[in-house]
Amino acid sequence: MSTGIRSLFARIDALTLLLYFILVLVGLMAVFSVEYRSTDVGLFLPGKNYTNQAIFLGISLFAGLIILFTDSKAFASMAFLSYLFGIVLLVVTIFLGKNVKGSHSWLSLGPVAFQPGEVCKIFTSLALAKFLSLNETDFSKLKDRLIGAAFALLPAIIIVLQSETGLALVYVAFFLAMYREGLPNGILICGFSFIALAIASLLLSQLILFIILTALAALFTALLWKRFLHSGPLRLLIIGSYAVAILFSQLVVPFAFRHVLHRYQTERIYAMLGQDVPEAYLPESELAEDEPTRKKDNNYNVTQSKIAIGSGGLWGKGILNGTSTKNGFVPEQHTDFIFSSIAEQFGFVGSALLILIYVLLMLRISFLAERQRSTFSRVYAYCVASILFVHFAINISMTIGLAPVIGITLPFLSYGGSSLLSFSILIFILLRLDADRAVLIR
Amino acid sequence: MSFTPANSRRFVLRAIFIAMGLVLLIRLLFLQLFEPKYKVMAADIAIYRQVVYPPRGVIYDRKGRVVCYNEVVYDLQMTASNVPRDFDSSALCEILGIDGKTYHQNYEKAKWSNGPMRPGTFLPQLSPAQTARFGENRYSFPGFDMVERNIRSFPEPHGGAFLGYIGEISQRMLKQFRFLSYQPGDYVGLDGLELAYEEVLRGRRGVYYREKDKFNRPRDSYLKGALDTPAVAGRSLQLYVDMALQKYGEELMQNKLGSVVAIDPETGGILAMVSSPSYDPNLLRGADRSANFAALYKLHTKPLFNRAMKAFYNPGSTQKPMTALIALNDGVITPAYGYPCRGGYTLCGRFIACTHSNPGHAANLRLALANSCNSYFCHIYRLSVDAPKFGGVKKGLHKWYEQMYSFGFGHPTGVDLPYEIGGTLFDTLQYNEMYHGAWNSCTNVYIGMGQGELAVTPLQMANGMCIIANHGYYYTPHLVRAIANNPKDPVLAPYLVKHRVSNIPDTAFKIVGLGMMDVVNHGTATVARMKDIEVCAKTGTVENYAMLNGKRTKLQNHSVFVAFAPRVHPKIAIAVTVENAGYGATWAGPIASLMIEKYLKDSISAERKPLEQRMLNGKVINYHQVAIIDSTQRAKYELYRQRKDWLRQQRDSLRRAQDSASFFWYVNHYLMKKK
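Note that residues are indexed from 1 along each chain, following the sequence as it is written. Just so you know, chain letters begin at A and ligand numbers begin at 1, following the order they were written in. Residues qualify for local features only when their pLDDT is at least 70, as the model is predicted, and side-chain atom pairs are given and counted only at 80 or more; totals for whole chains, interfaces and linings, by contrast, use all residues. Processing note: side-chain calculations cover all non-hydrogen atoms of the structure and skip hydrogens and water entirely.

Here's the deal with the overall build of chain B
Spelled out, the test is: Every helix listed is a DSSP run of H or I at least four residues long, and every strand listed is a run of E at least two residues long, numbered separately from the N terminus. Accessible area is worked out with a 1.4 Å probe on protein chains only. A residue is then buried under 20% of its type maximum, exposed over 50%, and partly exposed in between. Under the convention used here, a 1.4 Å probe and the Shrake-Rupley method define accessible areas, while residue burial counts only the protein chains that appear. His is not counted here, nor are the chain ends, while Lys and Arg score as positive and Asp and Glu score as negative. Where a charge sits is defined by one atom per residue type, namely NZ (Lys), CZ (Arg), CG (Asp) or CD (Glu).
Within chain B, the secondary structure is distributed over 22 helices and 22 strands. Viewed in the frame of its principal axes, chain B has a C-alpha envelope of about 150 × 90 × 50 Å. Within the span of chain B, comprising 675 residues, buried residues form 50% of the whole. Accessible surface, chain B as shown: approximately 32200 Å² in total, 56% of it carbon and sulfur. When the 81 basic and 55 acidic side-chain charges of chain B are each reduced to a single mean position, those positions are 6 Å apart.

Observations concerning the overall build of chain A
Defined as follows: For this measure, only C-alpha atoms enter the radius of gyration; the expected value for a globule follows 2.2 Å times N^0.38, where N is the number of residues. Residue contacts follow a heavy-atom distance rule, with two residues in contact if any of their heavy atoms lie within 4.5 Å.
Broken down by element type, chain A carries 20 helices and 3 strands. Taken over the C-alpha trace, chain A has a radius of gyration of 24 Å; the compact-globule value for 442 residues is 22 Å, and the two agree within 12%. Oriented by its inertia axes, the alpha-carbon framework of chain A measures out at about 70 × 60 × 45 Å. Relative to its full complement of 442 residues, chain A shows a buried share of 53%. Of the contacts made within chain A by residues no fewer than 6 positions apart, 71% connect residues no fewer than 24 positions apart. Looking at chain A as shown, the accessible area adds up to about 19600 Å², and 72% of this sits on carbon and sulfur atoms. Separation of charge centres in chain A, based on 32 positive and 25 negative side chains, amounts to 10 Å.

Focus: the sheet that holds strand β9 (residues 218-221) of chain B
All names here are of chain B. Applicable threshold: In short, DSSP must find at least two bridges between two strands for them to pair. Between the N-to-C directions of two axes lies an angle of 0 to 180 degrees, each axis being a line fitted to C-alpha atoms and, for a helix, fitted only over the stretch in contact.
The strand order across the open sheet built from 3 strands is β1-β8-β9, with neighbouring strands paired in antiparallel fashion. With one partner strand each, in any of the chains shown, β1 (47-52) and β9 form the two edges of the open sheet. Here the strands of the sheet are splayed against their neighbours by 50 degrees on average, with no regard to which way each runs. Taken together, the 2 bridges between strand β8 (residues 206-212) and β9 define a ladder with antiparallel strand orientation. Residue pairing in the sheet places R210 in a bridge with S221 of β9.

Quick word on the nonpolar core
Spelled out, the test is: In plain words, nonpolar cores are sets of buried Ala, Val, Leu, Ile, Met, Phe, Trp, Tyr and Cys residues tied together by side-chain atoms within 4.5 Å.
Of all hydrophobic cores here, the largest spans 114 residues; its most connected members are F339 and F412 of chain A. Excluding residues within four positions of it along the chain, F339 of chain A makes contact with I309, S351, L354, I355, I396, T399, I400 and L410 of chain A together with L28 of chain B. Counting residues in hydrophobic clusters, the runner-up holds 93 residues, among them C341, I352, M449 and L459 of chain B.

Digging into the packing of helix α10 (residues 243-252) of chain B against helix α20 (residues 588-601) of chain B
Residue and element names in this part refer to chain B. Going by this rule: Note on terminology: angles under 35 degrees are roughly parallel, angles over 145 are roughly antiparallel, angles of 65 to 115 are roughly perpendicular, and the others are oblique. Crossing handedness: left-handed means the near helix sits turned counterclockwise from the far one by under a right angle, and right-handed means the same turn made clockwise. In the scheme used here, Gly and all other residues not listed as nonpolar or charged are polar, with Ala, Val, Leu, Ile, Met, Phe, Trp, Tyr, Cys and Pro taken as nonpolar and Asp, Glu, Lys and Arg as charged.
Orientation of α10 relative to α20, taken along the N-to-C sense of each, is 160 degrees, at an axis distance of 10 Å. Between α10 and α20, the angle falls in the class roughly antiparallel. As α10 runs across α20, the sense of the crossing is right-handed. In contact with A244, L245, Y248, G249 and L252 of α10, α20 contributes I591, L594, M595, K598 and Y599. Its residues assigned to classes, the contact of α10 with α20 shows 8 nonpolar, 1 polar and 1 charged.

Thoughts on the interface of chain A and chain B
Let me state the cut-off plainly: Two parts lose some accessible area (1.4 Å probe) when they are put together, and adding that loss for both gives the buried area. A carboxyl oxygen of Asp or Glu within 4 Å of a side-chain nitrogen of Lys or Arg is what we treat as a salt bridge. Definition of a polar contact: a pair of N or O atoms within 3.5 Å, with one able to donate and the other able to accept a hydrogen when the atoms are protein atoms, and with sequence-neighbouring residues admitted only if both atoms are side-chain atoms.
Chain A puts 54 residues into the contact, and the matching count from chain B is 37 residues. Summed over both partners, the interface of chain A with chain B buries about 4200 Å², with 68% contributed by carbon and sulfur atoms. Ionic pairing is found between E211 of chain B and K326 of chain A, a salt bridge with its closest N-O pair at 3.3 Å. Taken together, the connections running from chain A to chain B amount to 11 residue pairs in polar contact (both at pLDDT 80 or more). Among the elements that line the side of chain A that touches chain B, the one with the most residues is helix α18 (residues 338-370) of chain A, at 13 residues.

As for the environment of L176 of chain A
On the secondary structure map, L176 of chain A appears in helix α8 (residues 173-180). Residues L176 of chain A and I387 of chain A, spaced 211 residues apart in sequence, show a C-alpha to C-alpha distance of 9.1 Å. Excluding residues within four positions of it along the chain, L176 of chain A makes contact with L188, S386 and F389 of chain A together with L13 and I16 of chain B.

Description of the side chain of D630 of chain B
Residues and elements named next belong to chain B. Within the secondary structure layout, D630 lies in helix α22 (residues 623-674). Engagement of the side chain of D630 in a polar contact is seen with the side chain of K302, the distance being 3.0 Å. Residue contacts for D630: discarding those within four places in its chain leaves L299, H300 and K302.

Some remarks on a nonpolar patch on the surface
Residue and element names in this part refer to chain A. We apply this condition: Within this analysis, patches are made of residues with over 30% relative accessible area and no salt bridge. Like charges are joined at 9 Å or less; nonpolar side chains (Val, Leu, Ile, Met, Phe, Trp, Tyr) at 5 Å or less.
On the surface, a cluster of nonpolar side chains totalling about 1000 Å² of accessible area is made up of F192, I195, I199, L203, L204, I208, I212, L216, L219, F220 and L223. Going through the elements one at a time, α9 (185-203) and α10 (206-223) are the ones with two or more residues in the nonpolar patch. When residues of the nonpolar patch are assigned to their parent elements, the largest contribution, 6 residues, is made by α10. Residue position: I212 is located in helix α10.

Details of α9 of chain A
Test applied: For a helix, the expected span equals 1.5 Å multiplied by the residue count minus one.
With 19 residues, α9 of chain A extends 27 Å between its outermost C-alpha atoms, agreeing within 8% with the 27 Å of an ideal straight helix rising 1.5 Å per residue. Taken together, the buried positions of α9 of chain A are L188, L197, S201 and L202 of chain A.

A look at the side chain of S374 of chain A
Among the structural elements, S374 of chain A can be located in the loop between α18 and α19 (375-399). Note on S374 of chain A: relative accessible area 1%, which makes it buried.

Focus: the state of the cysteines
Residue and element names in this part refer to chain B. Here is the rule we go by: Disulfide assignment relies on a single distance test, namely cysteine sulfur atoms paired within 2.5 Å.
Throughout the structure, instances matching the rule amount to 1 disulfide over all chains. With its sulfur 1.9 Å from that of its partner, C348 forms a disulfide with C442. Taking the torsion about the S-S bond as the criterion, the C348 to C442 disulfide, at about -85 degrees, is left-handed. Highlighted residues: C348 in the loop between β13 (344-345) and β14 (352-353) and C442 in the loop between α17 (428-435) and β16 (454-455), separated in sequence by 94 residues. The two residues C348 and C442 agree in class, both being buried. There is no disulfide at C373, and the cysteine sulfur nearest it, in C354, is 3.6 Å away. Judged by relative accessible area, C373 falls into the buried class, the value being 0%.

A short note on the packing of aromatic side chains
The criterion, for reference: Two rings from Phe, Tyr or Trp (for Trp, the six-membered ring) form a pair when their centres are within 6.5 Å of each other. A pair whose planes differ by under 30 degrees is stacked, one over 60 is edge-to-face, and the rest are tilted. Geometrically, a lysine NZ or arginine CZ counts as sitting over a ring once it is within 6 Å of the ring centre and also within 35 degrees of the ring normal.
One pass over the structure, following the stated rule, counts 40 aromatic pairs over all chains. Each ring, one from F56 of chain A and one from Y415 of chain A, has its centre 6.1 Å from the other, and the planes form 45 degrees; the classification is tilted. In this pair, F56 of chain A is assigned in helix α3 (residues 49-68) and Y415 of chain A in the loop between α19 and α20 (417-435), connecting sequence segments 359 residues apart. Judged by its relative accessible area of 24%, F56 of chain A is partly exposed. Taken together, the ring pairs in this structure connect F87, Y103, Y107, F122, F134, F141 and F144 of chain B into an aromatic cluster. Just above the ring of Y545 of chain B sits the side chain of R552 of chain B; from NZ or CZ to the centre is 4.0 Å.

Looking at the domain arrangement of chain A
For interface size, the figure often reported is the accessible area lost on association. Keep this limit in mind: Domains are outlined according to an automatic or database domain assignment.
According to the domain assignment, chain A consists of domain 1 (3-37 + 46-193 + 286-435) and domain 2 (194-285). Distance between the C-alpha centres of domain 1 of chain A and domain 2 of chain A: 31 Å.

Here we look at empty space enclosed by the protein
All names here are of chain B. The cut-off we apply is this: Residues are called lining when one of their atoms sits within 4 Å of a cavity or pocket point, these points coming from a 1 Å grid over the protein atoms alone, where a cavity is a set in which a 1.4 Å probe fits but cannot get out and a pocket is an open set with protein on both sides within 12 Å along at least five of seven lines. Grid points are joined across faces, edges and corners, and a volume is the space filled by probe spheres set on the points.
If you walk through the whole model with that rule in mind, you get 2 cavities of 30 Å³ or more. Reported here for the largest cavity is a volume of approximately 60 Å³. For the largest cavity, the full set of lining residues is P315, T318, Q319, M322, F409, V456, M461, G464, M465 and V562. Here the element with the most residues in the lining of the largest cavity is helix α18 (residues 458-469); it accounts for 3 residues. Tallied by class, the residues present in the lining of the largest cavity amount to 7 nonpolar, 3 polar and no charged. For the lining of the second largest cavity, the class distribution of residues is 4 nonpolar, 3 polar and 1 charged.

Describing the pattern of salt bridges
As enumerated under the stated definition, the model contains 41 salt bridges over all chains in all. R27 of chain B is the partner of E35 of chain B in a salt bridge, and the nearest nitrogen-oxygen pair spans 3.9 Å. The shortest N-O distance in the salt bridge between K601 of chain B and D532 of chain B comes to 3.3 Å. Placement of the pair is K601 of chain B in helix α20 and D532 of chain B in the loop between α19 (506-522) and β20 (536-548), with a sequence separation of 69 residues. The network of salt bridges with shared partners includes D13, R364, R371, D434 and R437 of chain A.

With respect to the confidence of the model for chain A
Residue and element names in this part refer to chain A. We apply this condition: Confidence of the predictor at the level of single residues is captured by pLDDT, which takes values from 0 to 100.
Mean pLDDT for chain A: 86, with 93% of residues reaching 70 or above. In the model of chain A, helix α15 (residues 291-294) stands out as the element of lowest mean pLDDT, 48, in contrast to α18, which has the highest, 95. In the model, residues 292-296 has pLDDT below 50 throughout and makes 6 contacts with residues more than four positions away in sequence or in other chains.

Shown next as structure tokens:
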């Protein structure tokens, strides 16, 4: 047995584990630097966030150890069951969740509160991997593709109902994993085109966008005129996409801003674009107010975060010397805006290194995925990489003003037990599966 | 495994990962390296410059007694956000002795002066009782704290005339070159030594860069204090003034209008500078300064007016030694020169009376000085200005003017106090203007005996005595002996220059001194005679006029007395004026002699005690008359101010009118051209 354990540890991917430890320790340090006051006496004072984070880290490592000693086949066999459990948990949370800043995504068990939406990412990854590795599944068929999409979208929809839109967005990550497993290229192209269209419809006025879209459609039609006359699918594609684009930009976006999105969401989206919310999208009650009262500093968080990051310079201000970090100028700096504290204290060099570590980790996971014998492990690994990617991309983009403020954490760095624990579990399951990469897991 | 297209897709996914990383890197590159504004913004929000004011320098008198020091008082500060909701304000009110209404007023004021998160002043300058009571109970009042503050304090209530006071810098001062480095709200000396030695006393401000948090509360020092400059305390001043003498002088001068200036002739150091009525310098400090200042300013007796260097009078007979010095210097007389006075001077076609008529009372300079012969000094004045070697009275008077000027008359002496007045001394030019060129030595013969177009300050009189006492030189009168115990400080350099103003041999000076000693021994100033001190003195009785109810009225004479003592190796030169008090020997003489005795002997001898009592109790202010004169002056000044305002308005409107006119001309001119 002892040889088995030794060989198990020998089979664990050291690079991934190293990167994981680097990230969690940097995170602990970052949380510490946000809270540190020169008047503090001693380390790890009770009640401080960094003390809690250290405890969370201990719990996470303990959980990781348990996972490493679990049989790798257990994950596959428990996949659907855990998914069901996660969905039930999410539904229960809608009704029993406590109200944290307007969302009902937190469930409290005595003194411990956690976000089922975070944990559910693990279950969804396992379930999707399990579904795609089933012998009966043929992912080239539309039916199975729809089922796969449903696996990802069901929790997302429930999370939207919990008013935690940002977290729901993470579930888009599973489409990246499914893309690897054969989802058509069109999906990716459609996705990016759609994002471009969405940004364009925010930036440009409706009339100008209408003219541009019409001109584009006319241009394509003229260029492909011969094929347009003879090819039915092409006709359908051009006319259909034109109709969708017009419908989206002229009807859906205004409707969404007026009736669906919350006021704060509208503000965040426009703040990201560096613009004021157009008067057309403001409720009538606010139009009556004076101009200055309306122009509140909506993007206060992002401004402060950009100041902190931008003032870091090349080498940064040095550890525990960040003036914005030490003095609490960036709201939520220990959770969503943790990147700003790193960038302020360690400058461009430090933040670039951090980004490199993240990219390296994602590439490494992708490499691990490709060397798996079983589909289950591969799909699961891609799920992990995609989740990391979405978190990483959106979180850092939002701290430097490239994306609207969406409340999702930076993996391994942000303060928070749910986040740290779920990402640790994701990584340790991956390490466990990778240790048994030669075994066929179904 | 079965999905063939999947193999290439891993590269697509990896490309997406890398591309996203690159996008973020590029954005960070621009944000962190090419947008310096964020550094400025970060410094703006998180770093603040804390200015620490050092304690002002202490002032000591010649014997090392403290004249002015910094007293620590406590302000009660309050941070509203730290005051609990259920705070028991009645206990605090009881301790501080204030009522509930005041508490709520002060609470709101302190809360909103700096915002609820930062401390604001709740009660300034706690009394010692309040300080003690609050200090015992401070633990029971969260949110309240005592903060140290320095205010200027004067252990003895004397010396207001030269010590001055400090206050917040005014807008007008801020525009001056001298105060360029000051900021609104800074404290600065506003008068007296506090203003004159502002740069010495203030020290150097300390600047500390500190971080503040999002509520503007100060936190750690920035960069561990690498950019900080510490405050340097102000340097101390050591004065020549003897505070015991100063106190004695102020007591002698109480209930009189006038001044005393005592100078050490060897150094030019001012031993006492009394301006009566005097005031307690402690009145002009701290929170009550402006109220007390207004009250003092309104008094008819003008206590804020330093008569020792701002009031000027005809010198009267006290000018006679100076006239003699100039005549001797010009070589027109020798000490043996005599004038046959028969009770008056007649050579100018009119009769100038002399108090003596016995023959031989002006047979030489010593006798003439002792008897204060008007004829003699009128005559030697004429001899000086009409001396043939100068070639005419107009050149001669200029020479006379030059010598008087070098003696320190007709211009501020340069004492180390601000706003000194120079007095009146006419040159040939002024006389030419006055008489349209048609005048001779008879026209202004009175200035030889100290009347006419000659006005001097008591400080200048005392300085004149120094010249005689020193046999021909003087040091510019000054109050400060040393700065931080260094008498050779560069700031004091102007006061270390010896001004030699006369080439008369010592023997002649000796004769002048003997003549002045005779004044005391058997002349007009016998009241100043002391058994063991040879006092040399000259009395003066100055006629003066004022407009009373629209009529030019002759008022009671000013009593003036100048002296130095002892005759050999003089230690003190003194000038005393008592306004509208009568003969020089009645009031000014005794006061001067008592001051001399006090300084040289440190106590008053028993047989002179009754004289001292008479001086201490004497009241010579005619309050009614002073009030009328003062009201007239203030009314005149008011009219003058209104007139000046009106002129300024006129000038301003004229300028505007000219501007409009030139504008219309410009428009019309070009319109015409265009047409």
